[in-house]
Amino acid sequence: MYAITSGVVQRVALFYQNTWAVEVKNDDGSILRYCEISTDLQVGDRVEQGSVIGAILRADSGTEMLHMEVYYGDGEGKLTQTDNSAYRYVDASKRFLRRSDLMDPTFLSYLNP
């Protein structure tokens with residue numbers, strides 16, 4: 001898994017079924033959370049666009065995928081907020097249990113590798 005932006009690691013934590021999440025605060029203030037991976041990165045490490053973040057892991061359920069979350073960086077608190085259902089940048093009918101500045105990452109599919 002490669003970094004799609006440059007920034008500084010702000011958190012590394014157990015995420016889901018023995019997989020990890022790496023939160024990178026990008027140079028523009030936005031935040032990317034790469035989830036369901038393994039990593040050697042630590043809080044404070046600098047990553048450059050194209051550098052290795054980690055490897056996609058197989059979850060206990062047997063599935064393999066990259067779970068990615070994108071935030072504008074203008075919200076407050078932890079990125080996972082289990083009591084939240086209001087988002088400024090995502091259709092309000094969806095319930096992702098994430099911070100309010102969660103954004104729709106569909107645009108990422110248009111980036112050139």
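What counts and how
- Residues numbered from 1 in each chain as written.
- Predicted model: local features only at pLDDT ≥ 70, side-chain atom pairs only at ≥ 80, totals over all residues.
- Heavy atoms only, no water.
- Buried < 20%, exposed > 50% of the residue type's maximum accessible area, 1.4 Å probe, protein only.
- Helix = DSSP H or I, 4+ residues; strand = E, 2+ residues; numbered from the N terminus.
- Pairing = 2+ DSSP bridges.
- Contact = heavy atoms within 4.5 Å.
- Core = buried A, V, L, I, M, F, W, Y, C linked by side-chain atoms within 4.5 Å.

Draft legend 1. Spatial organisation of the pairing of strand E2 (residues 20-26). For E2, the tally of buried residues reaches five of seven residues, placing the bulk of the element in the interior. Pairing between strand E1 (residues 7-14) and E2: seven bridges, direction antiparallel. For Gly7, the partnering residue across the bridge sits in E2 and is Asn26. Judged from the six bridges that link them, E2 and strand E3 (residues 31-38) form a sheet pairing that is antiparallel. Counterpart to Val22 in the pairing with E3 is Tyr34.

Draft legend 2. Inspection of the side chain of Ser6 at higher detail. Considering the arrangement of structural elements, one finds Ser6 in the segment before E1. With residues near it in sequence (within four places) discarded, Ser6 still touches Asn26, Asp27, Arg46, Val47, Glu48 and Gln49.

Draft legend 3. View of the nonpolar core. Core analysis: the largest hydrophobic core is formed by 13 residues, its most contacted members being Val9, Val22, Val24, Tyr34, Leu41, Val47 and Ile53. Those elements that provide at least two residues to this core are E2 and E3. When residues of this core are assigned to their parent elements, the largest contribution, three residues, is made by E3. Residues Ile31, Leu79, Val90 and Leu102 belong to the second largest nonpolar core, which totals six residues.

All we've got here are geometric facts, nothing functional implied.
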